[in-house]
Amino acid sequence: MGWRRLLAGLLLLVCAAFAGFWPARADSRYLIRAERWTAADERGFGEFITALGDSGCRTVDACLRSAANPFRASDPAGATFRADCADLPYFLRFYYAWKRGLPFSYVSAVSPRGRARDIRYSASGNQVERRRDVPSGTDALAVLARLRDEISSATYRLDPELESPLEQDFYSPALDATGIRPGTVIYDPNGHLAVVFRIEPDGRIRYIDAHPDNSLTRGFYDLRFVRASPGMGAGFKNWRPLALAGARRQGGVLFGGEIVLAANHDLPDFSLAQVYGTDGKRDGGWKAGRFRLNGQTLDYYDYVRAVLGGGRLRFEPVREIADMVTSNCADLGYRAEAVTISLAAGLQDRPQPQRLPPNIYGTDGDWETYSTPSRDARLKTAFKNLRDTAERFVTMARAHDPRLSYGGENLAADLLAAYDGAAARCRLGYTRSDGSHIALRYEEARRRLFRLSFDPYHCVERRWGAAGPEAATCRDGALKQAWYEAEQRLRNQIDRAYEARMDFSLRELQAGAGGAAAPPDTDARGYLLAVLRGAR
């Protein structure tokens, strides 16, 4: 029987050599069975993303282990899944390709188009340096791990018209219900990524996003995702159609061949409207782009919502204010989990570094994993947007704007009631350094929003902006206290300046380096009370 075992071993080696790899465990092999992604495959991928988004899962690993994932039973025993915001779109796309036997290829390296201190925030954007096709027989878990190493937000920072020297993985879709769909990726050039999982009937876009601590969160698309110059590649991105050409089929599996990607001019829904506006004029640059619908010029974000909402812009102010409060409460809860993870790692017990990172929003190591300046800035932006939206709705009501769907008699009073009702349902809190629990109401969390420390070397009390007796249990010494106070200007800033030098010393911060002198107004409740008193 020895010669039979030897022959079997030789056959295994031959098969491995033919596939170009050493064989993986049977349950983790990636096997291509289809030459291309069909329209049905794209719909299936969108449904997969929607199910994960609707599930309420709080980590990437929990999402893929949940009942929302129809492929979970086929995952290798003991496999764990991790992804940050940049990895998540690729992670989920390859995972689906693995389970459905679909071809996959990706940009594995980019380089800046011009000089850049950090290619994640290059002023002129990047270009593709290298692509990697994933062949049949590859260990899928190894690919997922490699994606975490090779993909960063720099991978997305590509001009949508750039197709050389190598193709990019995404294209700029039309701003309509066909182009923007579950599975569409959203790139914020300030260094954040999200994946659309649902379009509400009123046109609001819901997304999932991940973070360095492996948490997964949800939100509504708004001005937290900024527009930017074409080279930065900001906005919506759809996966570029691809096909496996020249492969050999054996036993239903495709081996060899190469991936061919569709060109922009071959894509029926390729559009630069999100970059230059609906009139397509470029002479004034991207900032001059206008967005017109039914003879009216709209703000970009209103335009996107209108076209996805069936061609008209309608607001339900009472419901939307409540939804925004609920969303902010969820974001505060996500932040609480991030702080808990940081505390578990023990960074608050380590000495304070002599300087901040070169840029607090974009770095690496422990600071990237456990600090929260980017998350906090986006949270503050959401609170400011809520306050500004409340004022917008009141202004529209006074002007009898027909886009406002409201049948009541006192909008400010009804908005305040909706705000307070949603806020009352928000439950927040944390455990102090001595083990005692502090409960926080939504409005109290808002009031201390700009006192919340993003610095992972600070005690939990400072991470939650405690003052007075509540802060008495903090074990930080005088040096960390000084750092906390000196970082106030940075906490006041809601714009994430990724290219700015920020490796300040304590003395430089105390002298007023960086940040903003005062925070913006986020008090929606105060504004509505002022309206009711006749002061606004």
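Up top is the structure.
Notes on the structure follow.

Thresholds applied
- Residues numbered from 1 in each chain as written.
- Predicted model: local features only at pLDDT ≥ 70, side-chain atom pairs only at ≥ 80, totals over all residues.
- Heavy atoms only, no water.
- Helix = DSSP H or I, 4+ residues; strand = E, 2+ residues; numbered from the N terminus.
- Rg over C-alpha atoms; globule rule 2.2 N^0.38 Å.
- Contact = heavy atoms within 4.5 Å.
- Areas by Shrake-Rupley, 256 points an atom, 1.4 Å probe, with all protein chains shown as cover.
- Lys, Arg positive; Asp, Glu negative; His and termini not counted.
- Charge placed at Lys NZ, Arg CZ, Asp CG, Glu CD.
- Phe/Tyr/Trp six-rings, centres within 6.5 Å; stacked < 30°, edge-to-face > 60°.
- Buried < 20%, exposed > 50% of the residue type's maximum accessible area, 1.4 Å probe, protein only.
- Lys NZ or Arg CZ within 6 Å of the ring centre and 35° of its normal.
- Core = buried A, V, L, I, M, F, W, Y, C linked by side-chain atoms within 4.5 Å.
- Axes fitted to C-alpha atoms, helices over the stretch in contact; angles between N-to-C directions.
- Parallel < 35°, antiparallel > 145°, perpendicular 65-115°, else oblique.
- Left-handed = near helix turned anticlockwise from the far one by under 90°.
- Nonpolar A, V, L, I, M, F, W, Y, C, P; charged D, E, K, R; others polar.
- Pairing = 2+ DSSP bridges.
- Disulfide = S-S within 2.5 Å.

**Considering the overall build of the chain**
Each helix and strand counted, the chain has 17 helices and 18 strands in total. Relative to its length of 536 residues, the chain is compact, with a C-alpha radius of gyration of 25 Å against a globular reference of 24 Å. Taking the principal axes of its C-alpha atoms as reference, the chain extends roughly 90 × 60 × 45 Å. Excluding contacts between residues fewer than 6 apart, the proportion of contacts in the chain whose partners are at least 24 apart in sequence is 71%. Accessible surface, the chain: about 23,000 Å² in total, of which carbon and sulfur atoms supply 52%. Between the averaged position of the 75 positive side-chain charges in the chain and that of its 66 negative side-chain charges there is a distance of 2 Å.

**A short note on the packing of aromatic side chains**
Per the stated rule, a full pass over the model turns up 32 aromatic pairs. With centroids separated by 5.5 Å and ring planes inclined at 25°, the aromatic side chains of Y156 and F170 adopt a geometry described as stacked. Note that Y156 is positioned in the loop between α5 (140-150) and β5 (170-171) and F170 in strand β5, a separation of 14 residues in sequence. The exposure class assigned to F170 is buried, which follows from its relative accessible area of 3%. When the centroid spacing of 6.0 Å and the interplanar angle of 20° are considered together, the rings of Y156 and Y187 count as stacked. Of this pair, Y156 sits in the loop between α5 and β5 while Y187 is found in strand β6 (residues 185-188), placing the two residues 31 residues apart along the sequence. Residues Y156 and Y187 agree in their burial class; the two are buried. Among the aromatic residues, those joined into a ring-pair cluster are W37, F45, F48, F71, F81, F91, Y95, Y96 and W98. Above the face of the Y300 ring, R227 is positioned so that its terminal group lies 5.2 Å from the ring centre. Directly above the aromatic system of W464 lies the positively charged group of R335, at a separation of 5.5 Å from the ring centroid.

**Topic: the nonpolar core**
If you look at the biggest cluster of nonpolar residues, it comprises 64 residues, and the most contacted ones within it are L175, F236 and Y442. One finds A68, A86, L193 and L254 within the second-largest nonpolar core, a separate group that totals 53 residues.

**Notes on the packing of helix α4 (residues 87-100) against α5**
Following both chains from N to C, one finds α4 and α5 inclined at 165°, their axes separated by 10 Å at the closest point. When the axes of α4 and α5 are compared, the pair comes out roughly antiparallel. The crossing of α4 and α5 is right-handed. Where α4 approaches α5, its residues D87, Y90, F91, F94 and W98 are matched on the opposing element by A140, L141, V143, L144, L147 and R148. Here the residues of the contact of α4 with α5 sort into 9 nonpolar, no polar and 2 charged.

**Quick notes on the environment of T38**
Position of T38 relative to the elements: it lies in the loop between β1 (29-30) and α2 (39-55). Residue class for T38 comes out partly exposed when judged on its relative accessible area of 38%. Note: C-alpha distance between T38 and L102 (64 residues apart in sequence) is 9.5 Å.

**Description of the side chain of Q274**
Residue position: Q274 is located in helix α6 (residues 273-276). Accessibility expressed as a relative area gives 5% for Q274, which makes it buried. Leave out the neighbours within four places in its chain, and Q274 touches S172, P173, L175, R227, A234, G235, F236, F291 and Y300.

**So, the pairing of strand β10 (residues 235-239)**
Burial within β10 is extensive, with 5 of its 5 residues counted as buried. Relative to β10, β5 runs antiparallel, the two being bridged by 2 bridges. Each residue of the ladder has a partner; that of Y171, found in β10, is N238. In this sheet, β10 lies alongside β6 in antiparallel orientation, the contact comprising 3 bridges. If you follow I186 over to β10, its bridge partner there is F236.

**Description of the state of the cysteines**
Applying the stated rule across the entire model yields 3 disulfides. Through a disulfide, C57 is tied to C63; the S-S separation comes to 1.8 Å. Taking the sign of the S-S torsion, 80° for the link of C57 and C63, the bridge is right-handed. Here C63 falls in the buried class, since its relative accessible area comes to 4%. The side chain of C329 participates in a disulfide bridge whose partner is C426; the two sulfur atoms lie 2.1 Å from each other. Disulfide C329-C426: the torsion about the S-S bond is 90°, which places it as right-handed. Here C329 is found in helix α8 (residues 317-345), whereas its partner C426 is found in the loop between α11 (411-424) and β17 (428-431), with 97 residues between them in sequence.

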